[in-house]
Structure formats: C-alpha cells, structure tokens
Amino acid sequence: MTSQTVRVRFAPSPTGYLHLGGARTALYNYLFARHEGGRFVLRIEDTDRTRYHPEALPDLLMGLRWLGLWWDEGPEIGGEYGPYYQSDRVHLYREYAEQLLREGRAYRCYCSAERLASQRARQREDDDHGGATGTPGYDRHCRYLTAKQIADYEAQGIRPVIRLAVPLEGVTEFDDLLRGHIAVQNEQLDDLVLLKSDGFPTYHLANVVDDHLMAITHILRGDEWLASVPKHVLLYRAFGWEMPVQVHLPTILDPSGKGKLSKRKKKTADGKELLTYIHEFRQKGYLPEAMVNFLALVGWSYDAEHEFFGRDELIRVFDLTRVSKSPGAFSYDKLDYMNAAYIRGLGQNDLAGRLLPILRESGLDADIDSVLAFVPHIQERIKVLSEASEWIDFAYVDDLSYDAGELLQKRLTPQQAAVALEAAAAALEALPEYSETAIEAALRAQAEASGLKAREFFGAVRVAATGKAVAPPLFGSLAILGQARTVRRLKAAIAALAALG
RNA sequence: GCCGCAUUCGUCUAGUGGCCUAGGACACCUCCCUCUCAAGGAGGAGAUCGGGGGUUCGACUCCCCCAUGCGGUACCA
C-alpha cells in the first residue's frame, strides 16, 4: 500500500450543475493527484434515474475544463478502468450484491415504500415523546423472513431491494486523515439498501465497488459523507477489500458563516443573489485562474502570509494535512478582491481578448481595437469582466441622454457649466492632433482660465462626453471617443443646459 | 430524539506548551496621491482564542463537561 501510485476520483452525480462545493472537491482531488504524480479519475454516478438532469453532465464537464481540472481517465477520454459511467456498470453491482446474498451477508427486502414511511413516522413520534432508543432506520422486518413468507412475496410479484445485514452489536471504526479515529456503535447503523428494486445500486454499494475496482487509493469528498463511512467499512470488510484512505473535506458555508452554502439559490441579508454555480461565475467574468486560487483557499491554507498561488505553485505546495477541519464561509468579497488582482495582472492584449466576447454578449458593438485602447484605463477598475461594459458603453452609442442633475455637479450653475463646456468644445475642436496628451494640455489650459476648480471643470466635461459622473480617466476616454463625437456631445450638453434655464 | 464532526478579529485564516501584551488577508474607517471612480502608499479600529472545569512552573495549544453550529439518520447522492 505504500508504494502504489496515488489514484483519486471526483464522482459527481448528474443531478445538477457544477457548484462551488463540487468544484472545490474536484480541485483538491486534482491538486493532490498532481502533487503526488498520481491519477485523477472522473466517474459519473448516474444511479438515480428519478433525479437525472440531462443538462447536468455537459455543465459538469465544461465547468471542470474551464477551471483547467483535466481528468486522466473518465468520460470522453476513457481509460483502463472504465466504463466511467455507473449506469454502464450495473451488472457489476448486481453481481457483488448477489455474492453478499449467497454468503448470507445481505438479504432481500420486500417492504413497500408506504410501510417504510409509516415506520419512520412512528419512530419520529417515539423520539419526540422521549421514548425509544434512538435506533434509526429500517426495522429489519425482512431480515428474518421464513421461506414461506419469501415465497408469498415473490408470488405477489414484488420486486425486492437487497439490504446489507449489518452486525447487531459491536463497534465499527476507521481513521480519517484529517479527523483522526472515529468509532460508531453498530446499533446506530441500519440495514442499508445496496440494490434498489429497479436494479440500480445505491451510492453506498456503487461507490465501494467502483473505488475498489478502479484502484482508488484516497477518497477526498465533502464531509456530509462522513456519517456513512461506517457503512462503507462494513461493505469493504464483507468483500474482504482494503479501504482507501479517507479524507473528509469541510463544508462550505454561506458568507454569513451561519448556514451551509447550498446549490439552491441563496440571498444575502440585503437581498443580493449569491452565485453558486461555476457557470455563473464564468458568465459574470471571474477568471478561472482566480477561481482556482480562491477555491483552493476555502478549506486549505499554506501559511500565515501567502495566498496568491498560480496553478503550478498550488500543485507544488498543496498538502492534505493542511486542510482545515472546520467549515468555512465563502467570502464573495474576497473572491472579488482576488479576481480584481488577477485582472490587474493580465497582459493588455490578454485582457482585451477576454473582454471582447463578454462586451459583445452584453450588447455593445465593440471591436478589439477600441477595447484594447480602453484596457489601460479600466484594468484596475473592474473586479469582474462583465463590469467593463458599464465603464465604456458610452463609446458604443450614438447619442447620450443627459441627466440634468448630473450635468450640474459640484453645485455649478447652468451658466457656469455652459461657459466651461463652450470653452472645452472650442479648444478641442481646434486641436490639429486629437491625442490624449494634446487633449490634456488643451483642457488643462481651459480649466485654468475658467477659474473653476479642476474637479468642477473636468467633471462637467466628463458628464457631457460620457453621460456618467464616474467614468474612466477623461483624456484617454475622449481620445478614444474621437474629436467629432466629443465635440458633438459637448454641444448637445450645452443645449441641454440652455433648456434647463 | 439519536449518532458524528466542528468552534481564534464581521469573514478567511496563522498558531501543534513558553517566540502571543495572538500574526496576515478581505471588508470597514482616516490621511496621502488625484479630473470622477479605482489602483497604490501610510495609519486605525477590530479576538479576554465559545463557556466552565482540570493537567502543568506555564495553555489558543493536552484532557473532561456544557453550549452553539453543521452534517447524517432515504429504494438521493
């Protein structure tokens, strides 16, 4: 066990889109595999036919690829341990379930869903009245059926499930790499279903069989699975297999730190929507490299000082023993901060190239040259790519509609503003060369002559030219806008001021 | 109810018995820079380490109890 190569797997079920928690689990598996020079396997756990969602799988694969978490074996690329869809492996699970049946370690159960439900309800009642022992789950009604009873059920045509016959006494124990030794009384375990009546396996059976058959050495998964590990231990023992190393990752909490960050849509206290699906982050304009860096830090840390890590660096320093045991909140603020930092670190051509499709999608008739021209001015101002359109959309429309109040910033009178804009328009119109430096020189001279404060003068010009009180740096923006359009807008603004009185 | 896991500034965390009068980061506040907004720079505020008992010369660090939170308790994963 010491010298075998590390094999880990990410095993999502195609019941929903790739979300933060899943991506984090996938990332840790990926980083661990790469760090150890091992293999990263992707396995699709599509054993729940009722919750199957056709769009989930493509979303999962695309999300992983966008994050750069390429799998070594799995869907679309195959591998020597396939197939990698559990729905293609049902015959295996059946064989193993029947083996346990033959050995008397499992039994057929004919109980109806109704009987199970009412039994559960009764159990809850007892609990609420302080009765019972707290022994959970199925009452083992079918574990001790006589041959005749079985024959009767079969005659009725009931399709049974197969349940594991869990030891009634004793203790089941295991070690988790992060949490240490964990022991559970067997009386706390119920006779779990291994094979459903539709012939598909439950997670418990399929996961144990596949992890063994696929030679998985380490299981890294969310800690919501911790409670079912004892059941898995029983299965490994029943089959005589060695159990992979267990590593249960801490839950990701919502930003308040109070509740689990679920895949369901959640809102912040002030009603802001929280993104949870990976494709939502992509659409909003988070960089995959920032997502990977940040996700790595949700539940893991390197030391007290460092938190910016490129992919290769992460692979080099990632260490399972430094994974945190306690649940951590997902801080959207810090993600924004980190994404902004990554955006600032991008080359200008790179950033322009990433911006263009997003701007086009948002309806702007943008071209690569003008976007590239804007990049130096907005690069340090945007936290996510999609924000760029709010900054530069003024350059892609014909006419502006002015908000009268905004034209009169800083308590300028309409007359003062009009005079300032007249001067600016005249100066700009007279410019032989419409460059950023020429514009700045001309405008600064006019600002000086106007007697207004710089912020008042430039503020008026800014609103007139862009329609915004907050915009990218003025002189550069005007240069990109072009002489004709700038002058036209200044004059339109003067007219609007005149109408104002 | 029962079982399991967790508990350091608002948030993410560093910390593995003395280096901690607890360090860093995000967010927040002030100032500087400045054509707006950012970015950047300089400061500031913010944690009696969930509570209570032990162990020890000494505990954020080890042990026990309690509280709280989260997870599980499905023919879902």
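No experiment lies behind these values; they were computed from the predicted model shown. (Residues numbered from 1 in each chain as written. Chains lettered and ligands numbered in written order. Predicted model: local features only at pLDDT ≥ 70, side-chain atom pairs only at ≥ 80, totals over all residues. Heavy atoms only, no water.)

Draft legend 1. Geometry of the protein's contact with RNA strand B. Residues in contact with RNA strand B amount to 63 residues; listed here are only the nearest, Lys196, Glu307, Glu380, Arg381 and Arg462. The share of sugar and phosphate among atoms of RNA strand B within 4 Å of the protein is 72%. A distance of 2.8 Å separates a base oxygen of RNA strand B from a polar atom in the side chain of serine 197. The contact in question runs from a phosphate oxygen of RNA strand B to an N or O atom on the backbone of tyrosine 203, over 3.1 Å. Breaking the surface near RNA strand B down by element, the ones donating at least two residues are α4 (113-128), β4 (161-164), β13 (328-329), α11 (332-345), α18 (454-466) and α19 (474-481). Considering only residue class, the surface near RNA strand B consists of 27 nonpolar, 12 polar and 24 charged. (Near = heavy atom within 4 Å. Polar contact = N/O pair within 3.5 Å; in protein donor to acceptor, adjacent residues only side chain to side chain. Helix = DSSP H or I, 4+ residues; strand = E, 2+ residues; numbered from the N terminus. Nonpolar A, V, L, I, M, F, W, Y, C, P; charged D, E, K, R; others polar.)

Draft legend 2. View of the sheet that holds strand β3 (residues 106-109). In spatial order, the strands read β3-β4-β7; together these three strands make up an open sheet with antiparallel pairing. Every other strand in the sheet has two partners, leaving β3 and β7 (193-195) as the edge strands with one partner each. Neighbour to neighbour, the strand axes of the sheet diverge by 45° on average, direction disregarded. One ladder, built from four bridges, connects β3 with β4; its direction is antiparallel. Residue pairing in the sheet places cysteine 109 in a bridge with valine 161 of β4. (Pairing = 2+ DSSP bridges. Axes fitted to C-alpha atoms, helices over the stretch in contact; angles between N-to-C directions.)

Draft legend 3. A look at the nonpolar core. Phe330 and Leu355 are the most contacted members of the largest nonpolar core, which has 112 residues in total. Residues in contact with leucine 355, not counting those within four places in the same chain, are Val371, Val375, Ile378, Ile382, Leu385 and Ala388. Grouped together as the second largest cluster of nonpolar side chains are 28 residues, Leu101, Leu195, Leu205 and Val209 included. (Core = buried A, V, L, I, M, F, W, Y, C linked by side-chain atoms within 4.5 Å. Buried < 20%, exposed > 50% of the residue type's maximum accessible area, 1.4 Å probe, protein only. Contact = heavy atoms within 4.5 Å.)

Draft legend 4. Structural context of the environment of valine 461. Here valine 461 lies in helix α18. Given the relative accessible area of 0%, valine 461 is considered buried. Considering only alpha carbons, one finds valine 461 and alanine 493, 32 residues apart in sequence, at a separation of 9.1 Å.

Draft legend 5. Here's a closer look at the pattern of salt bridges. In the structure shown here, the tally under the stated rule is 23 salt bridges. Its salt-bridge partner being arginine 43, residue aspartate 211 comes within 2.9 Å of it at the nearest N-O pair. Pair noted here: aspartate 211 is in helix α6 (residues 203-213) and arginine 43 is in the loop between β2 (39-42) and α2 (56-67), with a separation of 168 residues, a long-range link. Note on accessibility: aspartate 211 and arginine 43 belong to one class, buried. The salt bridge involving glutamate 76 is made with arginine 65; its shortest N-O contact spans 2.9 Å. (Salt bridge = Lys/Arg side-chain N within 4 Å of Asp/Glu carboxyl O.)

Draft legend 6. Summary view of the domain arrangement of chain A. Annotation of chain A at the domain level lists domain 1 (89-249), domain 2 (348-388) and domain 3 (404-500). Interface of domain 2 and domain 3: buried area, both sides summed, is about 490 Å²; carbon and sulfur atoms make up 82% of it. Per-residue buried area on domain 2 facing domain 3 is highest for Phe374, His377 and Arg381; these three make up 80% of the total on that side. Here domain 2 is connected to domain 3 by zero salt bridges. Looking at the side of domain 2 that touches domain 3 residue by residue, the classes come out as three nonpolar, one polar and one charged. (Domains from an automatic or database assignment. Buried area = accessible area lost by both parts, 1.4 Å probe.)

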